[in-house]
Amino acid sequence: MNKLLVLSVFAVLACAFAAPATENEAAAKKSIDDAVQQCKTELNPSDNDYKILENKNQLPANEAQKCLIECVGKKLGEIKDGKLDHDGFINYNKIRYADNKSKLDEAEQFFQKCQPEVEKKANEKCGAGYAMRSCLIDFFHL
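Sequence order as written defines residue numbering, which begins from 1 separately in each chain. With pLDDT at 70 or above as the cut-off, local features in this predicted model cover only qualifying residues; side-chain atom pairs require 80 or more to be listed or tallied, and sums for whole chains, interfaces and linings still use all residues. Side-chain figures throughout are based on the complete set of non-hydrogen atoms in the structure, without hydrogens or water.

(A) Structural detail: the packing of aromatic side chains. Any two of the Phe, Tyr and Trp rings considered here, Trp counted by its six-membered ring, make a pair once their centres fall within 6.5 Å; the pair's planes then place it as stacked at under 30 degrees, edge-to-face at over 60, or tilted in between. Within the structure shown, the criterion is met by five aromatic pairs. Look at F89 and F110: their rings are 5.7 Å apart centre to centre, the planes differ by 15°, and that puts the pair in the stacked class. On the criterion of sequence distance, the pair formed by F89 in helix α4 (residues 86-96) and F110 in helix α5 (residues 101-120) is long-range, its members being 21 residues apart. Partly exposed residues are those whose accessible area sits between 20% and 50% of the maximum for their type, while under 20% is buried and over 50% is exposed, using a 1.4 Å probe and protein chains only. Judged by its relative accessible area of 0%, F110 is buried. With centroids separated by 6.1 Å and ring planes inclined at 25°, the aromatic side chains of F110 and F140 adopt a geometry described as stacked. Taken together, the residues span a long stretch of sequence, with F110 in helix α5 and F140 in helix α6 (residues 127-140) at a distance of 30 residues. Members of the aromatic cluster, connected to one another through ring pairs, are F89, F110, F111, F139 and F140. Numbering goes from the N terminus for both helices and strands, where a helix is a DSSP run of H or I of at least four residues and a strand is a run of E of at least two.

Here's what the structure looks like:
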């Protein structure tokens, strides 16, 4: 699997701190940076909990980490009402991968596989954050 798509998923925010290579990547990075900053302000995570954003292959260990991941997903428009939002998810990936159809197709495959898993957790507090990260790890074999 192309691991670059991992960058487009809010749970892989750590990779977004690297310098972007294209205008699309720069726009995506700015969106991620803004979302992370807003969530840091809103949730005030501990330094340890904040590290979950840097560790793409780690499942959230507590509610604060789940909520941080979910908050970023909401700010990016990828999560709505505790579920993956198709339009928001695809629109964000169109910003990131506007010129790469294969990556957009992979984003759609990710959505189709992971949306049912995230939806199962919709009634749990910040369950979408945990389910999204879990599916990310499974999908990309991280």
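(B) Representation of the confidence of the model for the protein within the structure. Of all residues in the protein, 85% attain a pLDDT of 70 or more, and the chain-wide mean is 85. As a per-residue quantity, pLDDT reports the predictor's confidence and falls between 0 and 100. We call two residues in contact when some of their heavy atoms are within 4.5 Å. In the model, residues 1-18 has pLDDT below 50 throughout and makes 68 contacts with residues more than four positions away in sequence or in other chains.

(C) The arrangement of the nonpolar core in detail. Counting residues in hydrophobic clusters, the biggest one holds 16 residues, and the most contacted among them are L84, F89, F110, C114, V118, M132 and F140. Counting residues per element, the ones that place at least two in this core are α4, α5 and α6. Of the residues forming this core, the biggest block, seven residues, is contributed by α6. Nonpolar cores were defined as sets of buried Ala, Val, Leu, Ile, Met, Phe, Trp, Tyr and Cys residues, with membership established by side-chain atoms within 4.5 Å. The next biggest cluster of nonpolar side chains, apart from the first, holds 14 residues, and it includes A35, I52, L68 and L76.

(D) Main features of the packing of α4 against α5. At a closest axis distance of 10 Å, the pairing of α4 and α5 adopts a crossing angle of 155°. Judged on the interaxial angle alone, α5 and α4 are roughly antiparallel. The interaxial crossing formed by α4 with α5 has right-handed handedness. Along the contact surface, α4 presents H86, F89, I90, N93 and K94, while α5 presents L104, A107, E108, F110, F111 and Q112. In the scheme used here, Gly and all other residues not listed as nonpolar or charged are polar, with Ala, Val, Leu, Ile, Met, Phe, Trp, Tyr, Cys and Pro taken as nonpolar and Asp, Glu, Lys and Arg as charged. When grouped by side-chain class, the residues that make up the contact of α4 with α5 number six nonpolar, three polar and two charged. Interaxial angle, 0 to 180 degrees, is taken between N-to-C directions of lines fitted to C-alpha atoms, where a helix line uses only the stretch in contact. Throughout, the term roughly parallel applies to angles under 35 degrees, roughly antiparallel to angles over 145, roughly perpendicular to angles from 65 to 115, and oblique to all others. Should the near helix be turned anticlockwise from the far one by less than a right angle, the crossing is left-handed, and should it be turned clockwise, the crossing is right-handed.

(E) Broad picture of the pattern of salt bridges. Here, a salt bridge means any Lys or Arg side-chain nitrogen found within 4 Å of an Asp or Glu carboxyl oxygen. As enumerated under the stated definition, the model contains ten salt bridges in all. A salt bridge links E119 to K83, with the nearest nitrogen and oxygen atoms 4.0 Å apart. With E119 in helix α5 and K83 in strand β2 (residues 83-84), this residue pair connects regions lying 36 residues apart in the sequence. Given a relative accessible area of 32%, K83 falls into the partly exposed group.

(F) Broad picture of unusual backbone geometry. Backbone geometry at N44 places phi at a positive 50°, although glycine is not the residue there. If you trace the backbone, N44 turns up in the loop between α1 (23-43) and α2 (47-50). Despite not being glycine, D81 has its phi angle at roughly 55°, a positive value.

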